[in-house]
Each structure stands twice: as C-alpha cells, then as structure tokens.
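Remarks on the overall topology
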Amino acid sequence: MNLLIKPKEVRRIIIYASIFFALLKPDSLEYIGLGWLDTLLIGCDGFVLAYLGIKMLERKFHVSSMTTCMCFLYFSMAFSTLLKSHEYYTLLKVAGPAIATCLFTDLCMQRRPVQYLKAVVYLLTILYTLNFITIVMYYPDGMYTTDWVVGDTYLMGFDNGMIYNFLPLCCFACLYSYVMYSKVFTGISIYAMALSLVSEIYVQSGTGMIQMALLLSLFLLIDKNIIKKLIRPLPLFAVFYLGTIAITKFRIQNYMAGFIVGVLGKDVTLTGRTYLWDYAMSVIKENPIFGIGATGRSVQGLNGHVYPHPHCLLLDFMYKGGIFMLTSFVLLTVLFERKYKRCLSPIIRNIILATIFVFLVGEIVNSTQYKIFFWAIFVMIEYGNTLEDLRKFRLENA
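Not measured: the values here are computed from a predicted model.

The rules behind the values
All residue numbers here refer to positions counted from 1 along the written sequence of the relevant chain. Owing to the predicted nature of the model, reporting of local features is limited to residues with pLDDT of at least 70; listing and counting of side-chain atom pairs is limited to 80 or more, with chain, interface and lining totals taken over all residues. Side-chain figures throughout are based on the complete set of non-hydrogen atoms in the structure, without hydrogens or water. The secondary structure listing takes helices from DSSP runs of H or I that are at least 4 residues long and strands from runs of E that are at least 2 residues long, numbered from the N terminus. In this treatment the radius of gyration is a C-alpha quantity, and the globule benchmark scales as 2.2 Å times the residue count to the 0.38 power. Exposed residues in this analysis have more than 50% of their type's maximum accessible area, buried residues have under 20%, and partly exposed residues fall in between, with area computed by a 1.4 Å probe over protein chains only. Residue contacts are counted whenever heavy atoms from the two residues lie within 4.5 Å of one another. Methods summary: accessible areas were calculated by the Shrake-Rupley approach with a probe of 1.4 Å, and residue burial reflects only the protein chains presented. The charged-residue count follows a simple rule in which Lys and Arg add positive charge and Asp and Glu add negative charge, with His and chain termini not counted at all. A charged residue contributes its charge at one atom only: NZ of Lys, CZ of Arg, CG of Asp or CD of Glu. Exposure above 30% relative accessible area and the lack of any salt bridge qualify a residue for a patch; like charges then connect within 9 Å, and the nonpolar side chains Val, Leu, Ile, Met, Phe, Trp and Tyr within 5 Å. Any Lys or Arg side-chain nitrogen found within 4 Å of a carboxyl oxygen on Asp or Glu counts as a salt bridge. Only Phe, Tyr and Trp rings take part, Trp by its six-membered ring, and two of them pair if their centres are within 6.5 Å. Stacked means planes under 30 degrees apart, edge-to-face means over 60, and tilted covers everything else.

Let us now look at the overall build of the protein. Within the protein one finds 15 helices and four strands. The C-alpha atoms of the protein give 20 Å as radius of gyration, which agrees with the globular expectation for 398 residues (21 Å, within 12%). Dimensions of the protein along its principal axes, counting C-alpha atoms only, are 60 × 50 × 45 Å. Burial status across the protein gives 55% buried among its 398 residues. Within the protein, counting contacts between residues at least 6 apart in sequence, those at least 24 apart form 75% of the total. In the form shown here, the protein has an accessible surface area of approximately 17800 Å², with 65% of it arising from carbon and sulfur atoms. Charge-centre separation for the protein: the mean point of 34 positive side chains lies 11 Å from the mean point of 24 negative side chains.

So this is what it looks like as structure tokens:
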C-alpha cells in the first residue's frame with residue numbers, strides 16, 4: 001500500500017476502521033478481561049446506526065437497492081420476532097450491525113471509496129495477524145474457554161468462524177490492489193491470502209480450508225481472464241440453492257463418505273449437523289409463513305446440546321423468518337445478478353461474485369449470525385463502476 005498518505009486521510013481511515021471494529025466486535029473480548037470494551041462497542045453500534053439513520057433521512061447519501069433489499073430481509077425477521085419470540089435484544093444484536101454496515105458502505109463508497117477499502121484491509125490484516133499469533137501460542141487448547149466451546153478459541157473467536165472475515169479480507173485486498181495498481185495480486189493481497197490460508201490449515205478447519213482453496217483458485221482464474229465467460233451469478237447461485245436441498249433434504253453426503261471420513265476427518269452427519277437440520281425442518285413445518293422470530297440457543301442437537309442456528313443459511317432464514325425472510329434473500333440474489341450485468345469491469349464484478357459464491361458454499365452447512373462483511377460485499381456490486389472509474393483515473397494520472 002502507498003504509505004504516503006495525508007494526515008487528514010489517516011484520521012479518516014482510523015475513524016472508518018474504528019467503526020468497523022465496533023461493528024465486528026472480536027468474540028474474545030468478554031473472555032479475556034475486556035468485557036467493558038465489548039459493552040462499549042455495543043453502545044458504539046447503536047450510535048453508528050442512529051447516526052446513519054439520521055443521515056439517511058436527511059438524504060445525505062443514497063441508500064442502494066441492495067441495502068434496501070437486505071433491510072427487508074431483517075424486517076421480516078423483526079416482524080416474526082414481534083409475533084412469536086419477542087427476543088428483541090437478540091434481533092438487535094444480529095440485525096443492527098448488518099444494517100449499519102450496509103448503510104456505512106453506501107455512505108463511504110459514495111464519498112471516500114479508497115479510504116473505505118484501506119480501512120477494511122488495514123483493520124482485518126492487523127486483527128488477523130494478531131489472531132495468528134494467538135493460534136501459534138494456544139493451539140489446540142485455545143486462548144480461553146466459553147460456556148459452549150472448549151478449545152479452538154483465539155483472539156478473533158472460534159476457529160470455524162474465522163472464515164467469515166478471511167473471505168472479506170481477501171476480497172477487499174484484491175479490490176484495493178486492482179483499483180490502485182490494476183493488478184489483483186500485489187504484496188497486500190498476497191499477504192492477505194497467505195495469512196488466511198495458513199491460519200485455516202493450522203487450526204484444521206475443514207470448511208475453512210475448502211473455502212480458501214476454492215477462493216484462491218477462482219481469483220487466479222479471474223486474474224488470468226480464463227473463466228470470465230463461465231463465472232455468472234445465475235449458475236453459481238443455483239449451485240448454492242440446489243446444493244443446500246441436496247445435502248439437507250436428500251443427504252447426498254452419504255454417497256461421499258470416503259472423502260468426508262477419509263480426507264476431511266468428519267462423519268456423514270457433518271459433526272451432528274443432520275440432527276440440527278431435522279429439528280429445524282420440524283419447526284419450520286409448524287411455522288412456515290413467519291418462522292419463530294429471532295432466538296438465542298433454541299435449535300436442538302445431539303446429546304441435548306442447543307445451538308443459536310441450524311447450521312444452514314436457508315434453513316436459518318426459514319426457521320427465524322419463514323417464507324418471507326427466505327423470499328427476501330432470493331430477491332437479493334436476483335437483484336445482485338442485475339447489478340452484476342451493469343458492472344463494466346469483469347475483474348471487479350467477478351472478485352465480488354467469487355467471494356459471495358465461496359461464502360455461500362460454506363453457508364450450505366453453516367449460518368454464523370454476525371457476518372457483517374458478507375452483506376457489505378453484496379452492496380459492493382452497486383459500486384463496481386465507481387471502483388473502475390477510480391482505477392482508470394489513476395492510470396491516466398500515473
């Protein structure tokens with residue numbers, strides 16, 4: 001990255017990074033004696049959301065159609081929560097940071113897109129470099145113990161959750177590299193990918209290693225323009241939807257037992273996920289329209305264990321928001337395809353698409369609640385042409 005930046009730009013990047021840090025909130029804070037900071041950051045989240053809401057009402061920035069669609073998704077969960085669970089604090093913890101992140105993305109991309117990219121890349125690079133140090137120091141026993149997890153916990157949380165920030169780190173690092181230097185692979189993007197891959201291999205996260213390998217393969221092909229005509233939203237989203245049905249409903253993983261057991265070291269229940277899916281589907285059958293609203297740990301698993309979600313994104317939508325929440329997500333993917341077609345840069349739009357696709361591959365068997373950058377990357381497709389214009393301007397004035 002260019003280190004010759006002005007003091008005002010430095011201040012702005014620090015402010016942006018601080019906002020993202022508050023929205024992100026490392027899982028470890030309350031367990032390593034920093035519970036006060038976790039509480040403070042929750043307050044910051046509320047302030048940021050209120051500030052963005054005021055600016056939105058004052059029409060200081062335009063709310064993108066992707067952000068609007070994502071808001072409808074969480075409004076459907078809010079309506080279900082009002083009717084069913086009444087767990088408004090849980091709803092706020094999940095929906096608040098996601099909505100704030102999308103609004104903040106709109107604001108920054110319309111005003112200071114380069115500083116936005118720098119803030120995300122700087123923050124995630126620093127946090128996950130520190131996280132890797134804790135992995136080396138505490139693997140496999142973990143840095144701390146929670147009520148639900150023993151082992152595999154580090155500065156940024158549980159090992160299986162790291163991928164939710166590694167994918168955005170690689171995506172934003174590559175976008176930044178391409179905008180600033182017209183190259184996908186530069187020092188910062190290569191470091192981001194290496195850090196992500198090595199961390200996942202070190203902790204032996206099965207889904208994380210698969211997702212990182214897939215992401216790196218797609219980025220290499222995008223950089224060489226090898227599959228620019230093959231990467232399209234419709235077929236990739238179809239893989240996600242059909243794959244979810246095939247695995248959760250028809251259990252095709254039973255036919256891949258050799259790979260799952262012999263290579264990944266897992267069992268065909270995918271570490272007990274099939275029990276969660278069965279329970280979630282039984283609840284969905286009783287509440288197909290509205291779901292049961294936002295909940296804490298309510299999904300019943302094996303041996304009496306309970307989880308906050310059924311480890312499947314589409315089932316999670318149906319479980320908590322019913323058909324309305326699921327329909328909102330389907331519309332989001334349809335809208336994404338339209339925005340994708342309007343983006344003039346095949347490199348930029350395919351970096352964004354590939355990252356979302358790799359996210360969704362993991363979301364077939366996962367559904368982590370606090371994935372703020374997952375939604376932000378959907379919004380980024382709205383600003384593909386903005387980033388391309390910046391790249392061309394830099395080339396012309398180099």
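Still more ground to cover, so stick around.
Glancing now at the environment of Ala-398. Counting through the fold element by element, Ala-398 comes out in the segment after helix 15 (384–396). C-alpha separation for the pair Ala-398 and Tyr-181, spaced 217 residues apart in sequence, amounts to 9.9 Å.

To continue, consider a positive patch on the surface. A contiguous patch of positive charge on the surface is contributed by Lys-6, Lys-8, Arg-11, Lys-60, Arg-111 and Arg-112. Secondary-structure assignment places Arg-11 in helix 1 (residues 7–24).

Moving on, we get to the packing of aromatic side chains. Applying the stated criterion across every chain yields a total of 29 aromatic pairs. Pairing Phe-20 with Tyr-116 gives two aromatic rings, centres 5.4 Å apart and planes at 75 degrees, and the pair type is edge-to-face. Taken together, the residues span a long stretch of sequence, with Phe-20 in helix 1 and Tyr-116 in helix 5 (residues 113–138) at a distance of 96 residues. The same class applies to Phe-20 and to Tyr-116, which are both buried. Judged by centre distance (6.5 Å) and plane angle (20 degrees), the ring pair of Phe-47 and Tyr-51 falls under stacked. Note that Phe-47 and Tyr-51 are positioned in helix 2 (residues 35–57) at a spacing of four residues, about one turn of the helix. Of the residues examined, Phe-47 reaches a relative accessible area of 59% and is grouped as exposed.

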